[in-house]
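Examination of the molecular architecture
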Amino acid sequence: MTTTVNDGLPAPQRYGAILTIALGITVSVLDGAIANVALPTIAQDLNASPASSIWIVNAYQLAITVSLLSLASLGEIFGYRRIYMIGLVVFSFTSLACALSDSLPTLTLARVLQGLGAACIMSVNTAMVRIIYPQRYLGRGMGINALIVAVSSAAGPTVAAAILSVANWPWLFAINLPIGLLAFFMGLKYLPANSVKTAGQKFDFISSVMNALTFGLLISAMSGYAQGQDHRLILAEVVGLLVIGWFFVRRQLNKSSPLLPVDLLRIPIFSLSIGTSMCSFAAQMLAFVSLPFFLQNTLGLDAVSTGLLLTPWPLATMVMAPISGRLVERYHAGMLGGIGLVVFSLGLYSLALLPDHPSYLNIIWRMIICGAGFGLFQSPNNHTIVSSAPRSRSGGASGMLGTARLLGQTTGAAMVALMFNLFGVHGTHASLILAGSLALGGAFISLLRMTQKSVIQQKS
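On a predicted model such as this, the values are computed, not experimentally measured, just so you know.

A closer look at the overall build of the protein chain
On a plain count of helices and strands, the protein chain comes out with 21 helices and zero strands. A globule of 460 residues ought to have a C-alpha radius of gyration of about 23 Å, and the protein chain, at 21 Å, matches this closely. When its C-alpha atoms are laid out on the principal axes, the protein chain stretches across 60 × 50 × 45 Å. In the protein chain, buried positions account for 60% of the 460 residues. Long-range pairs, those at least 24 residues apart, make up 84% of the contacts in the protein chain between residues at least 6 apart in sequence. Total accessible area on the protein chain is roughly 18,200 Å²; 68% of this is exposed by carbon and sulfur atoms.

What to know about helix H11 (residues 176-190)
Compared with the 21 Å implied by 1.5 Å per residue over 15 residues, the 20 Å span of H11 between its first and last C-alpha is a close match. At its buried positions, H11 is contacted by helix H1 (11-30), helix H5 (80-100), helix H6 (104-123) and helix H10 (171-174).

Some points on the packing of aromatic side chains
Two measures describe an aromatic ring pair: the distance that separates the ring centres and the angle between the ring planes. Evaluated as defined, the whole model comprises nine aromatic pairs. Judged by centre distance (5.6 Å) and plane angle (80°), the rings of Trp313 and Phe344 are edge-to-face. Placement of the pair is Trp313 in helix H17 (residues 312-327) and Phe344 in helix H18 (residues 333-352), with a sequence separation of 31 residues. According to the relative accessible area criterion, Phe344 is buried, its value standing at 0%.

Things to note about the nonpolar core
Inside soluble globular proteins, nonpolar side chains tend to come together where they are buried. With 68 residues, the main nonpolar core has Leu107, Trp169, Leu172, Trp313, Phe344 and Leu348 as its most contacted residues. Broken down by element, this core gets its largest block of residues, twelve residues, from helix H15 (residues 268-298). Grouped together as the second largest cluster of nonpolar side chains are 37 residues, Tyr80, Val124, Ala127 and Val149 included.

Some points on the packing of helix H4 (residues 55-78) against H6
Their axes nearest at 7 Å, the elements H4 and H6 cross at an angle of 35°. Once H4 is placed against H6, the crossing between them reads as right-handed. Of the residues that constitute the contact of H4 with H6, the class distribution is 18 nonpolar, five polar and one charged.

Details of a nonpolar patch on the surface
A cluster of nonpolar side chains, namely Leu235, Val239, Val243, Trp246 and Phe247, defines an oily patch on the protein surface of about 500 Å² accessible area. By the secondary structure assignment, Val243 is in helix H13 (residues 231-252).

With respect to the side chain of Ser277
For Ser277, the location among the structural elements is in helix H15. Setting aside chain neighbours within four positions, we find Ser277 in contact with Phe377, Asn381, Ala404 and Arg405.

Quick look at the pattern of salt bridges
Within the structure shown, the criterion is met by three salt bridges. One salt bridge connects Asp31 with Arg111, and the closest N-O pair in it is separated by 3.5 Å. With a gap of 80 residues between them, Asp31 in the loop between H1 and helix H2 (39-45) and Arg111 in helix H6 connect regions that are remote in the sequence. Both residues of the pair, Asp31 and Arg111, belong to the buried class.

Re helix H12 (residues 205-226)
For an α-helix, 3.6 residues make a turn, and residues three or four places apart therefore share a direction. Taking 1.5 Å per residue as the helical rise, H12 with its 22 residues ought to reach 32 Å, and the 31 Å between its terminal C-alpha atoms agrees with that figure. Two residues or fewer after H12 comes Gly228, characterised by a positive phi angle close to 75°.

Basis of the calculations
Residues numbered from 1 in each chain as written. Predicted model: local features only at pLDDT ≥ 70, side-chain atom pairs only at ≥ 80, totals over all residues. Heavy atoms only, no water. Helix = DSSP H or I, 4+ residues; strand = E, 2+ residues; numbered from the N terminus. Rg over C-alpha atoms; globule rule 2.2 N^0.38 Å. Buried < 20%, exposed > 50% of the residue type's maximum accessible area, 1.4 Å probe, protein only. Contact = heavy atoms within 4.5 Å. Areas by Shrake-Rupley, 256 points an atom, 1.4 Å probe, with all protein chains shown as cover. Expected span 1.5 Å × (residues − 1). Phe/Tyr/Trp six-rings, centres within 6.5 Å; stacked < 30°, edge-to-face > 60°. Core = buried A, V, L, I, M, F, W, Y, C linked by side-chain atoms within 4.5 Å. Axes fitted to C-alpha atoms, helices over the stretch in contact; angles between N-to-C directions. Left-handed = near helix turned anticlockwise from the far one by under 90°. Nonpolar A, V, L, I, M, F, W, Y, C, P; charged D, E, K, R; others polar. Patch = residues over 30% accessible without salt bridge, like charges linked within 9 Å, V, L, I, M, F, W, Y side chains within 5 Å. Salt bridge = Lys/Arg side-chain N within 4 Å of Asp/Glu carboxyl O.

Set out below in structure tokens:
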């Protein structure tokens, strides 16, 4: 059923369509974090060092980050449904390739291809929600979508623990194949097609290449520095980043619908919300990547126990996110985000202060604080990013929201490698201190938004 409708889908088809979207976005976001719990086990199995094994996480995030904005543009031109369906197929079969990998290079390559499939899904996700929901229910749809993304980002350890309790690490990836194929066949039946492409819009291939090079060089330079690569190579990457990035931004300034939404970044509350998002997700990834090494290598726990001890974090996020979604109707998102990130930072600092041999309860209550603070921040922040953009630029806002999240996560993962290279066995402690500091920085940026209107009304 692919008939286009002007004001959302009728109820039976709408429920099937939103379930399809939920399945796709859950597995694609979840896979950014699901490998973290098993990272020490995978590194040992593939004879890789802890620092180099970070590429299992980084390769996936890098592939998504460099392609997300370009695929969002393709979705506007060729149809969101088509890009989404292609993404499901690519993601599903490259997940199988990840499961069959027998070395770090082959797993890293498979993760890059898997990331491209995930980028197809993420790039048009919010745009699909706009078509699925009637206008009067659009806020509800955006809230559900934000909750799915937030919980999926945090639930990786929990899901990984459940899978690893009955199977070995390749099944972390293999499980995506049946879920992805189920979502694909559901999409054939339920997902609508957007009626026409944006008038006069053509795909800007040059901007797409410049976008990939800009973000790719940025992440490569950060990761290279973190892993102790030759400083001359890193310097060359930074110079290339500055030169290409300058021309890339200049090119976007002359576009009516720029690939990089510089027009939206001129809106103060939008740009501040993007900065807050990057800080928060970098802090989250610093904790999620580094904690398993402490729990397994220092405390001697297995992967399943590690995942279970991390589970209170996403559970607390699940409880708090809907509450904060209601609170944003009464209180400024900047205040809610600031309070949430302060609580988040306190949880991270308390984890850094764990004794050498903590009890399970000592770990659990700290995880709850982290999850509650993150949940209080996330829903209002996403709501502000979407609502502060003009309706005609909601696609650009969605792409930038995903890019900020992924850039933050990739930066956080690279910082973990740097902390382990600089501080060795104390890398987890250093990572948590840095994460708490980033969360505090995000809280400060969030509070700056209180000088702006919470929701800026724009003409369609």
